[in-house]
Amino acid sequence: MKLKPTKYVWMDGKFVKWQKATIHLITHTFHYGAGVFDGVRFYDTPKGTAIYRLADHTKRLFYSAKAVGIKIPYSEKQINEAVVELLKKNKVKSGYIRPIAWYGEGHMGVNPIGAPINVAVACWPWGVYLAQESIKIMTSSFIRIHPKSTVSDAKIIGHYANSIQAVLEVKKAGYDEALFLDYKGNVAEGAAENIFMVKKGELITPPKGSIMPGITRDSVMKLAKDLSYQVAEKTIKLKDLYTADEVFLTGTAAEVVPVRMVDKKTIGKGQVGPVTKALHAAFMDIVAGKNPKYRKWLTYVNG
Ligand SMILES: Cc1ncc(COP(=O)(O)O)c(C=O)c1O
């Protein structure tokens, strides 16, 4: 997805011009993938720009970094402040924030010990990621990375080779997004989203273990409980998904996206179902600052 550059990037403690935010070819993470990132959205609200669950995303960035031995030379507070300052300097009202940390220049060989650590934050305006209306997903022939092969709930750059291969496969077949099964053959998640199904009024999502338990997944589960829906983290078989009343994906970039088809099987009536519709609307109200109950999830850029 082509993006529109902004003016500045925060890089290792300084604001640099977007065009100058470059790295050297001999950068450890570029070769071996052991870097980490996160993805955060910010929204235009009646009280100005607000960042959605910034502290939780930064916490996850540090968790991910620990998984690959990266010691970020800043505190979580300093990263949060850098994000807020970056948005102020770039004067973008809504979009996406990409904090990233990596093993830097001048060290080669798989062992990263001793390589410099770099940290940066970029942001850009970003609209709809997957679709406005509803999407078709296809089960990939690749499974989600095995939880014993890596720290699978960390956002490690190298993990995305798994997602990219799945996306390329399903795009070729005319689908919008890939669905991963886990190593046991159960439904895991999308290429960059968690999955939910609605069956007989109950909202069900796969348990932690073989998924990246998203912040949007957590938001939707809390929100659904507050709206008096029954919510469960339970194993989902592909055949259960095919016969669900509703299916949707959640993710920072994707937000809440209805799924109308899985592997040529129409879900429900092939239209956006009532539970998905209600949760989507409630989620969009929260991020737009229209629900005071969830004020704690928003960081206003101007105080
Ligand atoms: C593999 C994977 N699963 C799930 C998610 C959803 O997580 P979140 O809602 O925190 O963006 C993402 C995106 O970050 C992801 O990359």
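Residues numbered from 1 in each chain as written. Predicted model: local features only at pLDDT ≥ 70, side-chain atom pairs only at ≥ 80, totals over all residues.

Taken together, 13 residues surround the ligand, and among them Met-212, Gly-214, Ile-215, Thr-216 and Thr-252 come closest. When contributions to the shell around the ligand are tallied by element, the ones reaching two or more residues are helix 5 (215–226) and strand 14 (246–251). At 3 residues, helix 5 tops the list of elements feeding residues into the shell around the ligand. Tallied by class, the residues present in the shell around the ligand amount to 3 nonpolar, 7 polar and 3 charged. (Near = placed C-beta within 6 Å. Helix = DSSP H or I, 4+ residues; strand = E, 2+ residues; numbered from the N terminus. Nonpolar A, V, L, I, M, F, W, Y, C, P; charged D, E, K, R; others polar.)

Nonpolar side chains tend toward joint burial in soluble globular proteins. In terms of nonpolar packing, the biggest core is built from 84 residues, with Val-83, Ala-101, Ala-178, Val-247 and Val-259 touching the most fellow members. When residues in this core are grouped by element, the largest group, 6 residues, is from strand 7 (residues 117–124). Viewed by domain, this core spans two of them, domain 1 (8–124) and domain 2 (135–287), each represented by three or more residues. (Core = buried A, V, L, I, M, F, W, Y, C linked by C-beta atoms within 7 Å. Buried ≥ 20, exposed ≤ 12 C-beta atoms within 10 Å, placed from the backbone. Domains from an automatic or database assignment.)

We now examine the pairing of strand 4 (residues 40–45). Where strand 4 meets strand 6 (residues 95–103), 3 bridges bridge the pair, whose relative direction is antiparallel. Of the residues in strand 6, the one forming a bridge with Phe-42 is Gly-95. Pairing geometry for strand 4 and strand 5 (residues 48–52), over 4 bridges, is antiparallel. Bridging across to strand 5, Asp-44 finds its partner in Thr-49. Counting the residues that bridge the hairpin from strand 4 to strand 5 gives 2 residues. (Pairing = 2+ DSSP bridges.)

Bringing the packing of helix 5 against helix 7 (residues 274–287) into the picture now. For the pair helix 5 and helix 7, the least separation of the axes is 10 Å and the interaxial angle reads 110°. Considering their axes alone, helix 5 and helix 7 lie roughly perpendicular with respect to each other. Every residue of helix 7 that contacts helix 5 at Ser-219, Val-220, Leu-223 and Ala-224 is listed here: Leu-279, Ala-282 and Phe-283. Looking at the contact of helix 5 with helix 7, its residues break down into 6 nonpolar, 1 polar and no charged. (Axes fitted to C-alpha atoms, helices over the stretch in contact; angles between N-to-C directions. Parallel < 35°, antiparallel > 145°, perpendicular 65-115°, else oblique. Contact = placed C-beta atoms within 7 Å.)

Among the structural elements, Lys-264 can be located in the loop between strand 15 (255–262) and strand 16 (265–266). In this structure Lys-264 comes out as exposed when scored by C-beta crowding, with 10 C-beta atoms within 10 Å. Considered as a pair, Lys-264 and Tyr-242 are 22 residues apart in the sequence and their alpha carbons are 9.3 Å apart.

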